[in-house]
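# Overview (structure and organization)
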Amino acid sequence: MKRLSNRAETHLTGQTECEMESMGNTGWVNQAYTDSPVQFPRAVNTIYDPQPVFQNTKDSAYKLDKPSSFIEEPLAPDSIHVKKSGGCCSFIKGLWGTTLTENTSNNKELFLRTTLRELVVYLVFLLDICLLTYGMTSSSTYYYTKAMTDLFVNTAGESGVKFQSISSMADFWTYSREPLLDGLYWTRWYNNQSMHNGDQSFIYYENMLLGVPRMRQIKIKNNSCNVHTDFRDEISGCYDVYNDRKEEEEQFGLINGTAWTYHTEKEIKGSSHWGLLTTYSGAGYYQDLGRTKEESAAMLAALVDNLWLDRGTRAVFIDFSTYNANINMFCVIRLVVEFPATGGAISSYQIRTVKLIRYITHWDYFILACEVIFCIFILYYIVEEILELRIHKCSYFSSIWNILDIVIILLAIVAIIFYIFRAVKVDNLLGKLLEQPEIYADFEFLAFWQTQYNNMNAVNLFFAWIKVFKYISFNKTMTQLSSTLGRCAKDILGFAVMFFIVFFAYAQLGYLIFGPEVETFSTFVKCIFTQFRIILGDFDYDAIDRANRVLGPIYFVSYVFVVFFILLNMFLAIINDTYSEVKEELSSQKDELHFTDLIKQSYLKTFMKLKHKNDKISDVQKALHSGSGEIEFKDFRKTLKRMGHDDHEITAAFSQFDRDGNQILDEEEQRKMKTQLEEKRDALSAELNSLEKKYEKDLQEKASSDRKQPLADGEHLLRVDLIMDKLALRDPPEGPQTAADPTAADGSVQVPMDPWSKDEKSRTAGRIYPVFNSQM
């Protein structure tokens with residue numbers, strides 16, 4: 001029988017050892033770890049600094065070492081190289097070690113551990129970016145936007161005109177003099193008492209109007225288009241649709257004042273606007289309103305009397321900003337009325353609620369800490385990607401995950417740069433506004449880029465969540481989506497060509513037939529989105545039928561039949577067939593790697609730690625029982641030296657209880673030592689029992705889940721009791737032992753709860769406990 005430090009010959013019975021050896025080496029092979037690292041030399045087991053009996057493979061974890069295993073072996077060349085390469089390089093390799101920087105091709109356990117470490121680090125980064133992103137938003141943002149929308153867009157004046165109902169220039173002036181001025185200037189309470197804020201307006205008593213509002217218009221030159229010769233006598237002027245090259249730049253009207261003089265986009269520091277009809281420049285003629293309602297009303301009256309708006313006007317913009325100190329939010333509002341060349345008016349609005357001043361509350365400073373951590377993470381991942389790119393060169397870009405890493409890092413760098421720019425710009429603008437409160441507060445530029453910043457963070461967060469698949473793709477369940485899409489990509493590409501040929505043919509048909517009368521078909525782009533909505537069941541059939549009573553029903557019925565019933569179901573069939581194939585293949589395969597293997601490894605290490613503790617206690621107890629009466633140090637040392645312990649450890653153990661320092665343990669000192677050893681042994685037994693129960697529970701859960709699928713050929717089952725006995729963690733009870741046939745009909749090994757207990761054996765007959773899977 002194999003021995004360890006001349007002990008353990010009484011810890012295993014012949015029957016148990018026979019059962020263990022009958023399983024062979026293959027009973028312990030886990031296919032995920034068949035390629036084990038090179039074994040390093042081991043030192044002799046000692047009392048207070050024990051070395052693990054096994055370190056690398058599970059195959060050696062459950063059998064006693066041969067006597068030759070204690071012979072020093074020469075170090076492998078790789079291990080020598082590792083010891084020599086220290087310093088900065090080893091630090092960087094350890095800190096930025098990934099599956100792309102480590103050599104994990106021949107070590108699947110290292111691959112799993114590295115992937116797990118990457119996943120944990122990345123989840124911390126993901127948590128940080130979530131806190132950072134959601135910390136910039138608030139539910140108050142929606143209600144602030146809604147309050148401003150209700151006041152300036154949905155509120156009608158005494159004449160019944162509201163912003164959304166503007167259809168002519170007369171309606172625009174009516175809205176400007178009634179709902180607009182009433183909403184802008186709040187200087188008195190609802191009972192007509194003064195708010196004691198001077199001429200400073202507080203909209204809804206809470207939102208401070210920053211500076212003064214600005215009204216700006218863009219005009220088109222006369223004769224910017226050609227009138228047919230038959231109508232030149234009746235039509236004296238022609239104003240084309242808007243084009244920035246045809247903008248009117250000459251003075252008109254009263255000539256004096258900003259309202260009658262053209263200003264370039266650079267002069268007024270304006271920005272272009274994407275309207276419903278086209279994109280307008282930031283130039284034009286503008287009029288800043290007053291600080292009070294009376295001043296603004298007089299200015300509007302002067303503009304009306306002198307015909308500020310005429311046939312050449314193509315768009316009017318009303319810009320102003322408010323600030324709510326209760327929620328630390330800015331609301332930048334732009335009301336736009338477009339006057340197309342066809343006549344009439346089209347109204348639209350843009351309300352951006354943003355947080356430009358960042359750090360006021362404790363939560364804001366917590367977000368600041370998250371931002372600092374975010375910057376550290378970005379720096380960390382920049383170094384990581386540089387190392388990976390340095391190792392793999394051009395092949396680095398062959399992985400979609402590496403490209404996604406670069407996209408996330410670039411978006412984060414742009415966000416950090418804008419964050420710094422925004423902070424500086426807001427401080428300068430607020431300082432200027434406080435010095436000159438009567439000027440227009442142009443927050444439009446900052447609000448626009450703050451919105452883009454938020455959008456960029458939202459996209460970055462989306463990509464960050466998608467990247468989680470990179471770290472869980474080693475599991476076959478998690479690869480179903482990518483495997484399905486990857487396998488059917490060619491089929492989907494071929495189908496997409498066929499689908500969009502039919503789809504765009506119907507889009508052009510709908511645009512030409514219904515475009516003049518149906519809004520959802522008024523442009524080709526709207527036709528495309530309308531047809532997608534028809535696929536989802538969102539459509540207005542009556543509008544199509546009214547536009548063309550003959551071709552309308554034919555278009556609708558044929559489109560639904562061809563696209564919805566045929567093409568869409570073909571697309572779903574491609575996905576379903578490919579998914580079925582992938583599912584069938586994955587069901588016949590085993591996961592290459594298991595997180596449960598790491599858990600089992602931790603159990604094994606814990607078992608061995610308990611074994612070494614048990615060995616230490618047993619060694620000292622044997623040394624105490626080796627003598628009678630008083631025990632001298634030389635006898636104590638001689639006994640433990642035979643068991644393979646070092647002198648300094650023996651001296652430390654002896655001096656701990658040799659209180660008088662006479663190199664002799666008297667009866668009182670021996671009693672204290674025995675008491676302490678028994679306490680440690682009891683604690684060890686309790687810890688062992690707790691671990692055993694937990695391990696048995698895990699094994700039972702694993703066994704219940706495995707019953708859903710048939711056992712693989714050569715799969716062996718073993719129980720923790722046998723492991724503990726093999727490792728000499730439990731003394732066998734007295735009495736005769738009952739042998740049992742360890743092999744079941746299906747080839748699996750069945751072991752009762754206690755090999756020495758008939759009652760326990762009868763209760764647990766037929767129970768099996770899978771530990772590790774293997775293939776013969």
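## Quick word on the overall build of the protein chain
Check the secondary structure of the protein chain and you find 22 helices and 10 strands. Carbon together with sulfur atoms contributes 58% to the accessible area of the protein chain, which is approximately 41,900 Å² in total.

## Focus: helix α7 (residues 293-305)
In this model α7 runs 18 Å from its N-terminal to its C-terminal C-alpha over 13 residues, within 8% of the 18 Å that 1.5 Å per residue would give. Here α7 has its buried residues at Ser296, Leu300 and Leu303. For α7, the angular spread of the buried residues around the axis is 60°, confining them to a single face. Residues of α7 that are exposed and point more than 90 degrees away from the buried face comprise Glu294 and Asp305. In the core, the buried residues of α7 are packed alongside α6 (169-184), β2 (207-219) and β5 (285-288).

## Here's the deal with the pairing of strand β7 (residues 329-338)
Among the 10 residues of β7, 10 are classified as buried, and the element is accordingly described as predominantly covered. Relative to β7, strand β6 (residues 313-324) is paired through 10 bridges, and the arrangement is antiparallel. Note that in β7 the partner of Phe320 across the bridge is Ile333. Where β7 and strand β8 (residues 346-354) come together, nine bridges link them in antiparallel fashion. Within β8, the position partnered with Val337 by the bridge is Ser347.

## A word on the confidence of the model for the protein chain
Summing up the model confidence of the protein chain, the mean pLDDT is 76 and the portion of residues at 70 or higher is 72%. Per-element mean pLDDT across the protein chain ranges from 38 in helix α22 (residues 758-763) up to 95 in β6. Low pLDDT (under 50) marks residues 1-86, which in the prediction has 154 contacts with non-local residues, meaning those over four places away or in another chain. In this model residues 706-720 is a low-confidence stretch, pLDDT under 50, and it forms 47 contacts with partners more than four residues away in sequence or in other chains.

## Focus: the nonpolar core
The biggest cluster of nonpolar side chains holds 41 residues, and the ones touching the most others in it are Phe152, Phe172, Met215, Trp308, Phe320 and Leu335. Among the secondary structure elements, those contributing two or more residues to this core are α5 (139-152), α6, β2, α7, β6 and β7. For this core, the element with the highest residue contribution is α6, accounting for six residues. Discounting chain neighbours no more than four positions away, the residues touching Phe172 are Ile166, Met215, Leu309, Val316, Ile318, Val337 and Phe339. Counting residues in each nonpolar core, the second largest holds 24 residues, with Phe514, Ile534, Ile544 and Val563 among its members.

## Some details on the pairing of β6
Summarising burial for β6: 12 of the 12 residues are buried, a large majority. As paired elements, β2 and β6 share 10 bridges and run antiparallel to each other. Across the sheet, Met215 pairs through a bridge with Ile318, a residue of β6. Hairpin connection from β6 to β7: four residues lie between these consecutive antiparallel strands, with Asn328 at a positive phi of about 55°.

## Topic: the side chain of Ser281
Relative to the assigned elements, Ser281 resides in the loop between β4 (279-280) and β5. Only 3.5 Å separates the side chain of Ser281 from the backbone nitrogen of Ala283, close enough to count as a polar contact.

## Description of the state of the cysteines
One pass over the structure, following the stated rule, counts one disulfide. Covalent S-S linkage joins Cys225 and Cys238, the inter-sulfur distance amounting to 1.5 Å. The S-S bond linking Cys225 to Cys238 shows a torsion near -110°; that makes this disulfide left-handed. Of this pair, Cys225 sits in the loop between β2 and β3 (273-274) while Cys238 is found in the loop between β2 and β3, placing the two residues 13 residues apart along the sequence. Under the relative-accessibility criterion, Cys238 is labelled buried at 11%.

## Some remarks on the packing of helix α13 (residues 489-514) against helix α16 (residues 551-587)
If you want to describe how two helices pack, look at the angle between their axes and the distance between the axes. Following both chains from N to C, one finds α13 and α16 inclined at 165°, their axes separated by 11 Å at the closest point. Of the possible angle classes, the one that applies to α13 and α16 is roughly antiparallel. As for how α13 packs across α16, the hand of that crossing is left-handed. Packed against α13, whose contacting residues are Asp491, Ile492, Phe495, Met498, Phe499, Val502, Phe503, Tyr506, Leu509, Gly510, Ile513 and Phe514, the element α16 presents Leu551, Gly552, Tyr555, Ser558, Tyr559, Val562, Val563, Leu567, Met570, Phe571, Ile574 and Ile575 at the interface. When the residues that make up the contact of α13 with α16 are grouped by side-chain class, the tally is 20 nonpolar, three polar and one charged.

Reading guide: rules and limits
Residues numbered from 1 in each chain as written. Predicted model: local features only at pLDDT ≥ 70, side-chain atom pairs only at ≥ 80, totals over all residues. Heavy atoms only, no water. Helix = DSSP H or I, 4+ residues; strand = E, 2+ residues; numbered from the N terminus. Areas by Shrake-Rupley, 256 points an atom, 1.4 Å probe, with all protein chains shown as cover. Expected span 1.5 Å × (residues − 1). Buried < 20%, exposed > 50% of the residue type's maximum accessible area, 1.4 Å probe, protein only. Arc of directions from axis to C-beta. Contact = heavy atoms within 4.5 Å. Pairing = 2+ DSSP bridges. pLDDT = per-residue confidence, 0-100. Core = buried A, V, L, I, M, F, W, Y, C linked by side-chain atoms within 4.5 Å. Polar contact = N/O pair within 3.5 Å; in protein donor to acceptor, adjacent residues only side chain to side chain. Disulfide = S-S within 2.5 Å. Axes fitted to C-alpha atoms, helices over the stretch in contact; angles between N-to-C directions. Parallel < 35°, antiparallel > 145°, perpendicular 65-115°, else oblique. Left-handed = near helix turned anticlockwise from the far one by under 90°. Nonpolar A, V, L, I, M, F, W, Y, C, P; charged D, E, K, R; others polar.

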